[in-house]
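Structure assessment
Spelled out, the chains give:
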Amino acid sequence: MAPRKIIIDTDPGVDDVMAMLLALSATKEELEVLMISITYGNVPLECCGRNVVGMMQVIEKEMAWRKANGRPEGFEALKACKPLVALGAEHPLEEKDLKFDHFHGLDGLHNVHATYPDFSPPEKWLQIFREQGAAGAGEADLDKISPLFTPSKELAHKEMLRVLRENPVDTVSILTVGPMTNAALAASEDPETFLRAKEVVVMGGAVKVQGNITPVAEFNTYADAVATARVFALSSLTPSATLPPATVNRRLPAYPEKLSRPLRVVLCPLDITEPHELTAAYFKQTMEPIVASGSPLGVWVHHFVGGAFAKIAAILGPDTQAGLSLHDPMTVWYKLDGDSPAWKLTEAEDIRIETEGQWSRGQHIVDHRGKVRPAEAAFLASVDPRNDPEVLKLDAAEGDELGWLSVLKRNRIYRVVGTPGEEIFKEILLQRVFDVPK
């Protein structure tokens, strides 16, 4: 079977980096990481870009160290497909104010660059992504930085569209593990090309649990609720029905009235990601021999994951059995193993995003009232529900101005509600990334 092609759209903090490491350490038969699209989020865009470049340098050192010590180099997916890396949005769609999550420290990785300068990119690393860099100097800088990726001088959302155009329909999945601004920009610039994606797998939201940045909102959605709402709207047969209302700051147009098909969106919200924890005890037990052996990647990861555990202890108290929820890596695990019957998804749910509420911005709203949708049976029986007179007649339910009872206006989001196991994921993650025997 051909490898699953993915684009990772990320704002690299601790669990973002672990997600990328999990993807890049896959076998070449499992995944093909075509692109890493970088956005602001946990920290400003430049810090996020620096973390990706630094990660690539550390992987290069790790592979050399493993080879010198007679160990398998690993990172087969990375060696088989050199990913494109592109910088994207610096702020949300409709505002300049950045809502940083300071959990990950000022650099996104608990000060790892200052602590381990040998693992950090050279001072002028940003030039390889900028047109103003000297023509010859860019390539020279890249050789010094890492040969494992191709930097782009184009904006991330434009490169995302190019990758989708250059690959067959339904072969590339987009994994969004940060604010969805890049994805929303791509979808708005060329909706039909964006719809070529096999699916968009989203880490975001809190459906039936509390939020982690406000009582009702999860950080990625809260950081750019409008972007999430715009992408989710493409899952509807009538995208205009769930688009955010117009504001004075809106700079993106409405979608065309008729699109070729809806977007498949798979959601990994806090409901399912939070219970999948990397515990401090297991991390210590597994990583101590790896760090002691001299593994560059082990030393690097041990620093910032250890910093995350220290932050959790500072928030919850020193007696807490610290656990780091593996939010972002779950999207990669799903693409690695999603064919397993152990993965459980809901039927399509009408999940909408609150974009304007004073207290509820970023909330994922689901209709739990259990009311019957009048056009449901006709919709399921129709070969072309958007143009079926019976569906159109029944779908106009009296008093349903917001379309909560509509089969044509509702968003259609598939939510992950079951995985192969909460306890085993931490083992799978570290075993794969560090080539630890099972």
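What you see is a predicted model; the values in this text were computed from it and never measured. (Residues numbered from 1 in each chain as written. Predicted model: local features only at pLDDT ≥ 70, side-chain atom pairs only at ≥ 80, totals over all residues. Heavy atoms only, no water.)

Details of the overall build of the protein
What counts, and what does not: Helix and strand definitions follow DSSP, with helices as H or I runs of at least four residues and strands as E runs of at least two, each counted in order from the N terminus. Based on C-alpha atoms, the radius of gyration is set beside the globule rule, defined as 2.2 Å times the residue count to the power 0.38. Exposed residues in this analysis have more than 50% of their type's maximum accessible area, buried residues have under 20%, and partly exposed residues fall in between, with area computed by a 1.4 Å probe over protein chains only. Here, two residues are considered to be in contact whenever any of their heavy atoms come within 4.5 Å of each other.
When its secondary structure is counted, the protein shows 17 helices and 13 strands. The globule rule puts the C-alpha radius of gyration for 438 residues at 22 Å, and the 22 Å found for the protein is close to it. Projected onto its principal axes, the C-alpha coordinates of the protein cover approximately 70 × 55 × 45 Å. Taking all 438 residues of the protein together, 59% fall into the buried category. Contacts in the protein between residues at least 24 apart in sequence constitute 80% of all its contacts with a sequence separation of at least 6.

Focus: the nonpolar core
One recurring pattern in soluble globular proteins is that nonpolar side chains are buried together. Rule in force here: Note on terminology: a nonpolar core comprises buried Ala, Val, Leu, Ile, Met, Phe, Trp, Tyr and Cys residues joined through side-chain atoms within 4.5 Å.
Counting residues in each nonpolar core, the largest one holds 80 residues, and the members touching the most others are L21, M55, W300, V301, F304 and V305. Apart from the residues within four sequence positions on either side, V301 is in contact with M18, L21, F283, G306 and F434. By size, the runner-up hydrophobic cluster in this structure holds 47 residues, among which are L161, A183, A229 and I351.

Some details on the layout of surface pockets
As a reminder, the rule being used: With a 1 Å grid spanning the protein atoms alone, the term cavity applies to any set of points in which a 1.4 Å probe fits but cannot get out, the term pocket to an open set with protein on both sides within 12 Å along at least five of seven lines, and the term lining residue to any residue with an atom within 4 Å of a point. Grid points are joined across faces, edges and corners, and a volume is the space filled by probe spheres set on the points. Throughout this entry, Asp, Glu, Lys and Arg are counted as charged residues, while Ala, Val, Leu, Ile, Met, Phe, Trp, Tyr, Cys and Pro are counted as nonpolar. The remaining residues, Gly among them, count as polar.
A volume near 380 Å³ is recorded for the second largest pocket. Surrounding the second largest pocket, 19 residues form its lining, A241, T242, L243, R352 and I353 being those nearest its centre. At the level of elements, α10 (225-233) and β11 (351-353) are the ones that each hand at least two residues to the lining of the second largest pocket. The residue inventory of the lining of the second largest pocket, partitioned by class, reads 10 nonpolar, 4 polar and 5 charged.

Comments concerning the environment of A223
By the element assignment, A223 lies in helix α9 (residues 219-223). Of the residues examined, A223 reaches a relative accessible area of 1% and is grouped as buried. Separated by 182 residues in the primary sequence, A223 and G41 have C-alpha atoms spaced 7.0 Å apart.

Looking at the sheet that holds strand β13 (residues 413-418)
Quick reminder of the rule: For two strands to be treated as a pair, DSSP must find at least two bridges joining them.
Within the open sheet, the 9 strands sit side by side as β4-β3-β2-β1-β5-β6-β7-β13-β10. Their pairing is mixed. Of all strands in the sheet, those with a lone pairing partner are β4 (150-151) and β10 (344-345), marking the two edges.

What about the confidence of the model for the protein?
In plain terms, the rule: You can read pLDDT as the predictor saying how much it trusts each residue, on a scale of 0 to 100.
A residue-level look at the protein finds 96% of positions with pLDDT of 70 or above and a mean pLDDT of 93. This model gives residues 132-138 a pLDDT under 50, and the stretch forms 2 contacts once residues within four places in sequence are excluded.

A word on unusual backbone geometry
Phi at D170 takes a positive value of approximately 65°, unusual for a residue other than glycine. Summarising the element assignment, D170 is placed in the loop between α6 (156-166) and β5 (172-176). Here the phi dihedral of D435 falls at roughly 55°; this positive angle occurs in a residue that is not glycine. Along the polypeptide, D435 turns up in the segment after α17 (425-434). By relative accessible area, D435 is classed as partly exposed at 41%.

With respect to the packing of aromatic side chains
Given two aromatic rings, their pairing is described by the distance between the two centres and the angle made by the two planes. Quick note on the threshold: Centres within 6.5 Å make a pair out of two Phe, Tyr or Trp rings, where for Trp the six-membered ring is used; the pair is then stacked when the planes are under 30 degrees apart, edge-to-face when over 60, and tilted otherwise. Note on criteria: charge over ring means Lys NZ or Arg CZ within 6 Å of the ring centre, with the direction from the centre no more than 35 degrees off the ring normal.
Under the criterion given, the structure shown has 8 aromatic pairs. A ring pair is formed by F283 and F309, whose centres lie 5.7 Å apart and whose planes are at 55°; its orientation type is tilted. Here F283 is found in helix α12 (residues 280-292), whereas its partner F309 is found in helix α13 (residues 296-316), with 26 residues between them in sequence. Given the relative accessible area of 3%, F283 is considered buried. An aromatic cluster is present here, built from W333, Y334, W343 and F425 joined pairwise through their rings. Just above the ring of Y255 sits the side chain of R230; from NZ or CZ to the centre is 5.0 Å. One residue, K426, lies across the ring of Y282, its end atom 5.6 Å from the ring centre.

Side note on the side chain of S37
Note that S37 resides in strand β2 (residues 31-38). Once you skip the residues sitting within four places of it in the chain, S37 turns out to touch I7, I8, D9, T10, A86, A156, M160 and N182.

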